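Chains, contacts and geometry: an overview
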Amino acid sequence: PLSHGWRYVGGWVRSADCNVTARPEQVAKPEAQHARRYGRVAPGDFGSHPNTSRVEATRGPVYSAPGVWSKGCSFDTHWAAYRCIGGKHRHLVLEVMDWNHMDRRWAPVTVEVNDRWAPQGGTLNVLTGPAMMWPGKRLQTFHALGHAGLRHNVYFSADPPKHLRLR
């Protein structure tokens, strides 16, 4: 049996002794794997997998758009990037300062920015983490792009660090 259901299947193999019960391309897929991880697929809904969150206070959606905050910006094809005239984007550096910061991995870290001052539902940027400094050691420094005057929610994949420097 498929633990996540047919909507997570990307293809299938058909043999002579197999009956097709559903066609994956005809079943709606969730927005992203991040939505499946947190169990929030659509506004006001929870995921169908038994291991997803059922906490009412965090009922979906986790985010409305992937990437960095780009509301009010226009996409410039020559730059292959967004142009934000008068934008208030700023570098946001998160540094884990715990005693074991060279040995433990805190990535991935997500930074969610929204203009409604809500705990979720804005633009989500996933930071996968720093490169190895030397075998088994890495600095836990994450570089995000924030926006002055908006709410920023930082989520760690495990328990958050006890000492965190924001710059």
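Rules behind the numbers
- Residues numbered from 1 in each chain as written.
- Predicted model: local features only at pLDDT ≥ 70, side-chain atom pairs only at ≥ 80, totals over all residues.
- Heavy atoms only, no water.
- Disulfide = S-S within 2.5 Å.
- Helix = DSSP H or I, 4+ residues; strand = E, 2+ residues; numbered from the N terminus.
- Buried < 20%, exposed > 50% of the residue type's maximum accessible area, 1.4 Å probe, protein only.
- pLDDT = per-residue confidence, 0-100.

If you walk through the whole model with that rule in mind, you get one disulfide. Sulfur-sulfur distance for the disulfide between Cys73 and Cys84 comes to 2.0 Å. Torsion about the S-S bond of the Cys73 and Cys84 cystine: about 110°, corresponding to right-handed handedness. Taken together, the positions of Cys73 in the loop between strand 1 (63-66) and strand 2 (74-76) and Cys84 in the loop between strand 3 (81-83) and strand 4 (89-96) put the pair 11 residues apart, joining distant regions of the chain. For Cys73, a relative accessible area of 19% puts it in the buried group.

What follows concerns the confidence of the model for the protein. Scored by pLDDT, the protein has a mean of 78; 68% of the residues are at 70 or more. Highest mean pLDDT in the protein belongs to strand 9 (residues 164-166) (93); lowest belongs to helix 1 (residues 33-38) (54).

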